[in-house]
Amino acid sequence: YATLGERLEYLEKFLGESVDKHARELEAVKVAHAKLANEAKAKDVQHAAAVERVSQISREKDDVAVHHASLKERVDYLEKVIGDAADRHEKDLLTVKQAHQQNLKEVDSLKKAHGHHTSMEE
């Protein structure tokens, strides 16, 4: 058997080594924790930037949708105006053609009357 002093010396050495080992392990855990905390902060910054970009894209999409709707309304309006103008011009053209036909009839009638007058004078 070992003497009481040897046994005490062994225990002190064992406990000292154990404390040193645990201190090193604790320091390693602290370093790893600090590293993870820094990475988490970096991820938070990246996440915030991504959220802001998504918000920006969403706003841009909304702006495009509003512009698209506005553009569609404007095109619809122009198509209606052009269609109405085409209908009006078609009606006006028909009226002019009818008036022209009427004028041709009147000219023919005047020619016949003039021809009738000239043949009577002879």
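For the structure, see preceding data.
Residues numbered from 1 in each chain as written. Predicted model: local features only at pLDDT ≥ 70, side-chain atom pairs only at ≥ 80, totals over all residues. Heavy atoms only, no water.

Quick look at the overall build of the chain
Then step 1. A tally of regular secondary structure across the chain gives 1 helix and 0 strands.
Then step 2. Against the 2.2 N^0.38 benchmark of 14 Å for 122 residues, the chain shows a C-alpha radius of gyration of 51 Å, more extended than a compact globule.
Then step 3. Counting only C-alpha atoms and orienting by the principal axes, one finds that the chain spans roughly 175 × 20 × 15 Å.
Then step 4. Each of the 122 residues in the chain was classed as buried or not, and the buried ones make up 1%. (Helix = DSSP H or I, 4+ residues; strand = E, 2+ residues; numbered from the N terminus. Rg over C-alpha atoms; globule rule 2.2 N^0.38 Å. Buried < 20%, exposed > 50% of the residue type's maximum accessible area, 1.4 Å probe, protein only.)

Some details on the pattern of salt bridges
Then step 1. Evaluated as defined, the whole model comprises 5 salt bridges.
Then step 2. Where K61 meets D62, a salt bridge forms, and the shortest distance between an N and an O atom there is 3.6 Å.
Then step 3. Here D76 and K72 are joined by a salt bridge, their closest N and O atoms 2.9 Å apart. In this pair, D76 and K72 are both assigned in helix α1 (residues 4-121), 4 residues apart and thus about one turn of the helix distant. (Salt bridge = Lys/Arg side-chain N within 4 Å of Asp/Glu carboxyl O.)

Regarding the environment of R59
Then step 1. With respect to the helices, strands and loops of the structure, R59 is situated in helix α1.
Then step 2. Overall, the relative accessible area of 44% leaves R59 in the partly exposed class.
Then step 3. On a C-alpha basis, the gap between R59 and K112 in space is 78 Å, while along the polypeptide they are 53 residues apart.

A look at the packing of aromatic side chains
Then step 1. In this structure the tally under the stated criterion is 1 aromatic pair.
Then step 2. Ring centres 6.4 Å apart and planes at 20° place the aromatic pair Y10 and F14 in the stacked group. Taken as a pair, Y10 and F14 lie in helix α1 at a separation of 4 residues, close to a single helical turn.
Then step 3. Look at Y10 and you get exposed, because its relative accessible area is 55%. (Phe/Tyr/Trp six-rings, centres within 6.5 Å; stacked < 30°, edge-to-face > 60°.)

Section: a nonpolar patch on the surface
Then step 1. Together, Y10, L11, F14 and L15 make up a nonpolar patch on the protein surface, roughly 450 Å² of accessible area in all.
Then step 2. With respect to the element layout, L11 can be found in helix α1.
Then step 3. For L11, a relative accessible area of 45% gives the class partly exposed. (Patch = residues over 30% accessible without salt bridge, like charges linked within 9 Å, V, L, I, M, F, W, Y side chains within 5 Å. Areas by Shrake-Rupley, 256 points an atom, 1.4 Å probe, with all protein chains shown as cover.)

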